[in-house]
Amino acid sequence: MPSSDETKPAASTGGVQSLERAFALLENMADAGGETGLSELAASSGLPLPTIHRLMRTLVACGYVRQQANRRYALGPRLIRLGEAAARPLSTWARPHLARLVDGSGETSNMALLDGDEVVYVAQVPSRHAMRMFTEVGRRVLPHTTAVGKSLLAQRPEEEVRALLARTGMPALTEKTITDPDVFMGALAEVRAEGYAVDDNEQEIGVRCIAVSVPGSPTPAAISVSGPAGRVTEAATEKLVPLLQDVARALSDSLNTTQSGQSGQSGPPA
């Protein structure tokens, strides 16, 4: 049985404290790369070990966490089903905004989230050009190779980003991929200063991508346009960045309006 302090309402939200704590632990595990120990969770969450142990035991029983042979905990397979189900309406809400990006840029537009140590593409509207970029929805890539990844990591604390880079190893996909953590941190500083990120032949030779984060999104998200480097030039960036930022603000408004209307069972925006 949960202790009485875990079932009382949370002062900050009026919700159930044990639920808030359990979801916070899952997010801490995701930030740590999907696997962690109790002592690490105690350090990152600030919760007492007995409370963490009770919550983790419940999450294990429900299949949302699994305990490994080394007694460390890993995110469980039932979360995959939840994530896939959540991505479907998110894609529906994003598509009209991505279509506006395609209309304004002529290039393929994407929306991506940071899931653990990887970027996952959750929505796309393709360019109408015969020669265009195509990224399968659901595809996962390492964030240091992409403009959307840079946009997402630029919002995170430096120590968290460096830990992620250490886990992934920053493999080179092309000769232009950034593989040095210090150089990458410098690139993120430029993203924060300029308000946008660039993948300049770093994931695939001949492909250039411009991305911005979605401000105030309920979950950290980024949108991008990508195309042949001969079309998505530095000169074109001056036009693309204001368009991306405008669409990102509109998408954020849409997502937050939808989230606030969930209790009323509202559907996706028209």
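Our subject is the structure listed above.
Cut-offs and rules
Residues numbered from 1 in each chain as written. Predicted model: local features only at pLDDT ≥ 70, side-chain atom pairs only at ≥ 80, totals over all residues. Heavy atoms only, no water. Helix = DSSP H or I, 4+ residues; strand = E, 2+ residues; numbered from the N terminus. Polar contact = N/O pair within 3.5 Å; in protein donor to acceptor, adjacent residues only side chain to side chain. Axes fitted to C-alpha atoms, helices over the stretch in contact; angles between N-to-C directions. Parallel < 35°, antiparallel > 145°, perpendicular 65-115°, else oblique. Contact = heavy atoms within 4.5 Å. Nonpolar A, V, L, I, M, F, W, Y, C, P; charged D, E, K, R; others polar. Pairing = 2+ DSSP bridges. Buried < 20%, exposed > 50% of the residue type's maximum accessible area, 1.4 Å probe, protein only. Core = buried A, V, L, I, M, F, W, Y, C linked by side-chain atoms within 4.5 Å.

A. Spotlight on the side chain of Gln124. Looking at where Gln124 falls in the secondary structure, it is placed in strand β5 (residues 118-125). In this structure the side chain of Gln124 is engaged in a polar contact, spanning 2.7 Å, whose partner is the side chain of Asn110.

B. Here's a closer look at the packing of helix α2 (residues 17-31) against helix α3 (residues 38-45). One can describe the packing of α2 onto α3 by two numbers: an axis separation of 10 Å at closest approach and a directional angle of 110 degrees. By the angle class used here, α2 and α3 are roughly perpendicular. Here Leu25, Asn28 and Met29 of α2 come into contact with α3, specifically with Leu41, Ser44 and Ser45. Here the contact of α2 with α3 is built from residues that sort into 3 nonpolar, 3 polar and no charged.

C. Representation of the sheet that holds strand β7 (residues 197-200) in the model. Strand order in the open sheet made by the 6 strands is β6-β5-β4-β9-β8-β7, with antiparallel pairing throughout. Each edge of the open sheet is held by one strand with a lone partner, namely β6 (140-141) and β7. Where strand β8 (residues 207-213) lies against strand β9 (residues 221-228), 7 bridges are found, and the strand directions are antiparallel. Residue pairing in the sheet places Ala211 in a bridge with Ser224 of β9.

D. Structural context of the pairing of β7. Of the two faces of β7, only one is covered, namely that formed by Ala197 and Asp199; the face formed by Val198 and Asp200 stays uncovered. As judged from the 4 bridges shared by β7 and β8, these two strands associate in the antiparallel manner. Residue Asp199 lies in a different strand from β8, and its bridge partner there is Cys209. The antiparallel pairing of β7 with β8 creates a hairpin that spans 6 residues between the two strands, and Asn201 there sits at a positive phi of about 65 degrees.

E. Focus on the nonpolar core. Membership of the largest hydrophobic core comes to 27 residues, with the highest contact counts inside it found for Leu98, Leu101, Met111 and Ile223. If one sorts the elements of this core by residue count, helix α9 (residues 234-260) sits on top with 8 residues. Ala112, Leu114, Val148 and Ala187 belong to the second-largest nonpolar core, a separate cluster that totals 24 residues.

F. The arrangement of the environment of Leu55 in detail. In this fold, Leu55 is placed in helix α4 (residues 49-62). Among the residues examined, Leu55 registers a relative accessible area of 7% and is labelled buried. Leu55 sits 33 residues away from Ala22 along the chain, and the two C-alpha atoms are 6.1 Å apart. Setting aside chain neighbours within four positions, we find Leu55 in contact with Ser18, Arg21, Ala22, Leu25 and Leu47.

G. Broad picture of the sheet that holds strand β3 (residues 73-75). Pairing in this open sheet of 3 strands is antiparallel, and the strands run β1-β3-β2 from one edge to the other. Edge positions in the open sheet fall to β1 (35-36) and β2 (65-67), since each of these has one partner strand only. Two strands pair when backbone bridges link them, and β2 and β3 are joined in this way by 3 bridges, in the antiparallel orientation. Directly across from Val65, in β3, lies its bridge partner Leu75. In the packing of α2 onto the sheet, the strands contacted are β1, β2 and β3, and the crossing angle to β3 comes to about 90 degrees.

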